[in-house]
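# Remarks on the overall topology
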Amino acid sequence: MLADFSTLPNNSRVWVYQSNRKFSDEEVAVISEKAIEFLTQWTAHGSTLEAGFEIKYNRFIVFGLNQENASASGCSIDASVHFIQQLQREFDVDLLDKMNVTFYNGDFIAHKSLADFKKMAKAKSVSPNTVVFNNLVNTKEEYLENWEVPAKESWHNRFLA
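Below: a short report on this structure.

Take helix α1 (residues 25–40) next. Spanning 16 residues, α1 covers 22 Å between terminal C-alpha atoms, matching the ideal 22 Å at 1.5 Å per step. Of the surrounding secondary structure, the elements contacted by the buried residues of α1 are β4 (50–56), β5 (60–66) and α2 (74–91).

The structure is reproduced here in structure tokens:
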């Protein structure tokens with residue numbers, strides 16, 4: 001069952017998929033249509049899942065799942081990953097590589113490999129106050145409060161020594 005992401009409870013589970021490039025507005029419209037179609041029929045062991053999504057900054061696809069009525073199972077999580085893999089192929093983007101870092105570089109959002117981010121930290125091109133996107137958040141509440149944080153408050157801190 002498709003829900004408006006903003007109405008999902010704060011303890012809803014979230015998955016954040018970051019793109020290695022910014023989507024065009026036209027791509028966002030198509031991805032939104034496809035996400036609506038997928039989430040409308042997303043189930044776990046025959047039970048309808050109450051889920052919503054949002055696309056932030058034309059770069060992040062965020063799924064939210066209210067687990068109060070039904071939780072995602074291994075098969076339903078696999079189905080969502082297959083959906084994301086389809087988007088990767090269709091739009092020639094990388095959405096599943098967790099070894100990339102996305103952060104603010106001034107007013108712009110930058111996307112770098114973890115190796116490049118480490119080099120930037122060594123060169124002091126990024127600092128403990130650089131705002132990073134912590135895509136390891138697990139709940140909607142964590143997403144709302146701890147997704148865009150200074151690197152010193154995220155797992156990225158280990159690279160800033």
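Following the structure, the description resumes.
Another aspect to go through is the sheet that holds β5. Strand order in the open sheet formed by three strands is β1-β5-β4, with antiparallel pairing between adjacent strands. The open sheet has two edge strands, β1 (13–18) and β4, and neither has a second partner. Sheet twist, expressed as the average angle between the axes of neighbouring strands with direction ignored, equals 15°. The sheet contact formed by β1 and β5 spans six bridges and is antiparallel. Note on β5: the bridge partner recorded for Tyr17 is Ile61.

Rules used throughout
Each chain has its residues counted from 1, running along the sequence as written. Selection of residues for local features in this predicted model requires a pLDDT of at least 70, selection of side-chain atom pairs for listing and counting requires 80 or more, and totals for whole chains, interfaces and linings are taken over all residues. Water and hydrogen atoms play no part in the side-chain values, which are based on all heavy atoms of the structure. We count a stretch as a helix when DSSP gives it H or I for four or more residues in a row; a strand needs E for two or more, and each element gets its number in order from the N terminus. By this rule the span expected of a helix is its residue count minus one, scaled by 1.5 Å. Note on contacts: a residue pair is in contact if any heavy atoms of the two residues lie within 4.5 Å. By the convention used here, strands pair only if DSSP detects at least 2 bridges between them. Orientation is described by lines fitted to C-alpha atoms, with helices fitted over the stretch in contact, and by angles between N-to-C directions that extend from 0 to 180 degrees.

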